[in-house]
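One-letter residues, chain by chain:
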Amino acid sequence: MKELTFDSGLVSYSLNGKCEVSFNPADHAFVERFYNAFDALGRLQESCAEKANETGDPSEAFSLARQRDREMEKTLDGLFGVPVCAAVFGEMSPCAFAKGFPAWLNLMLTILDEIEENIGDIQKQADPRIARYKAKYQKYAARFHK
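By convention here, each chain's residues receive numbers from 1 onward along its written sequence. Whole-chain, interface and lining totals are the exception, using all residues; otherwise, since this is a predicted model, local features are given only for residues with pLDDT of at least 70 and side-chain atom pairs are given and counted only at 80 or more. Heavy atoms from the whole structure form the basis of all side-chain values; hydrogens and water molecules are not counted.

Colleague: Looking at this structure, how should I read the packing of helix H1 (residues 28–54) against helix H2 (residues 58–80)?
Modeller: Geometrically, a packed helix pair is captured by the angle between its two axes and the distance between the axes. Axis definition: a line fit to C-alpha positions, over the contact stretch in the case of helices; interaxial angles, taken between N-to-C directions, run 0 to 180 degrees. What counts as a helix is a DSSP run of H or I of at least four residues, what counts as a strand is a run of E of at least two, and both are numbered from the N terminus. Where H1 meets H2, the closest approach of the two axes is 10 Å, and the angle between their N-to-C directions is 180 degrees. Classified by the interaxial angle, the pair formed by H1 and H2 is roughly antiparallel. Of the residues in H2, those in contact with Phe30, Arg33, Phe34, Ala37, Ala40, Leu41, Leu44, Gln45, Cys48, Lys51 and Ala52 of H1 are Ala61, Leu64, Ala65, Arg68, Glu71, Met72, Thr75, Leu76 and Leu79. By the convention adopted, Pro, Cys, Tyr, Trp, Phe, Met, Ile, Leu, Val and Ala count as nonpolar, Lys, Arg, Asp and Glu as charged, and the other residues, Gly among them, as polar. Classifying every residue of the contact of H1 with H2 by side-chain character gives 14 nonpolar, two polar and four charged. Relative orientations are named as follows: roughly parallel for angles under 35 degrees, roughly antiparallel for angles over 145 degrees, roughly perpendicular for angles from 65 to 115 degrees, and oblique for any other angle. Throughout, a residue-residue contact means that at least one pair of heavy atoms, one from each residue, lies within 4.5 Å.

This is the structure we're talking about:
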């Protein structure tokens, strides 16, 4: 059987050398899932912080944080379609701060940079390539569709 191969734009990334994920950073379906996950993670962090401030019980605040972490991990794993949190964060909370931001936010901002960079590059590459294939198609269409 003859196989046709084509570029799907799928790129594999190593996350801090601990696991690999693959996605097309210019795929609108992935970008939509990314922004939905980004919003959900932000809401989880804010909601947990509000509830922890309302309670005067430190053990309840820690319980809320553990629940938030599990929900964040589920959201991040769902974004990539593979379990990444156990490998990337280990026993650390995704909300642990690193260089002024929670670790989950550092990850998401890195992906956002990749999305923005790739979408701009794709458009620059696509315009001349589309024009070339359109001219090729028109040449064949003129020959066969008289």
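Right, picking up where we left off after that structure.
Colleague: Explanation requested: the pairing of strand E2 (residues 19–23) in the structure shown.
Modeller: Within a regular beta strand, the side chains point alternately toward one face of the sheet and then the other, so they alternate between its two faces. Only protein chains enter the accessibility calculation, which uses a 1.4 Å probe; a residue whose area is less than 20% of its type maximum is buried, one above 50% is exposed, and one in between is partly exposed. Residues Cys19, Val21 and Phe23 point to one face of E2 and are all buried, whereas Glu20 and Ser22, pointing to the other face, are not buried. A pair of strands counts as paired when DSSP detects no fewer than two bridges linking them. Sheet topology places strand E1 (residues 11–15) next to E2; five bridges connect them, and they run antiparallel. Counted as the bridge partner of Ser12 is Ser22 from E2. Hairpin connection, E1 to E2: the antiparallel pair is bridged by three residues, and Asn16 has positive phi, about 55 degrees.

Colleague: When you look at the side chain of Arg68 in this model, what are you seeing that I'm missing?
Modeller: Relative to the helices and strands, Arg68 resides in helix H2. Any N or O atom pair separated by 3.5 Å or less is treated as a polar contact, with the protein-specific requirement of one donor-capable and one acceptor-capable atom, and with residues adjacent in sequence counted only for side-chain atom pairs. Looking at Arg68, its side chain comes within polar contact range of the side chain of Asp69, at 2.9 Å. Residue contacts for Arg68: discarding those within four places in its chain leaves Leu44, Gln45, Cys48, Ser93 and Cys95.

Colleague: Can you help me understand the side chain of Asn24 in this one?
Modeller: For Asn24, the position within the fold is in the loop between E2 and H1. Asn24 sits in the buried class, given a relative accessible area of 18%. The contact partners of Asn24, leaving out residues within four places of it in the chain, are Ser8, Gly9, Leu10 and Phe30.

Colleague: Which parts of the structure should I look at to understand H2?
Modeller: It helps to recall that an α-helix has 3.6 residues per turn; residues three or four apart then point in one direction. Take the residue count of a helix, subtract one, and multiply by 1.5 Å to get its expected span. Helix length check: H2, at 23 residues, gives a terminal C-alpha distance of 33 Å against a target of 33 Å (1.5 Å per residue), a fit within 8%. One or two positions beyond H2, positive phi appears at Gly81, with a value near 75 degrees.

Colleague: Teacher, can you tell me more about the packing of aromatic side chains here?
Modeller: Within a pair of aromatic rings, the relevant descriptors are the distance that separates the centres and the angle that separates the planes. Ring geometry is summarised as follows: Phe, Tyr and Trp rings, the Trp one being its six-membered ring, pair when their centres sit within 6.5 Å, and such pairs are stacked at plane angles under 30 degrees, edge-to-face over 60 and tilted between the two. Scanning all chains against the criterion turns up six aromatic pairs. Ring centres 5.7 Å apart and planes at 80 degrees place the aromatic pair Phe34 and Phe38 in the edge-to-face group. A residue pair is termed a helical-turn pair when its members lie 3 or 4 positions apart in one helix, as Phe34 and Phe38 do in helix H1 at four residues. For the residue pair Phe34 and Phe38, the accessibility class agrees, reading buried in each case. Chaining the aromatic ring pairs together yields one cluster made of Tyr13, Phe23, Phe30 and Phe80.

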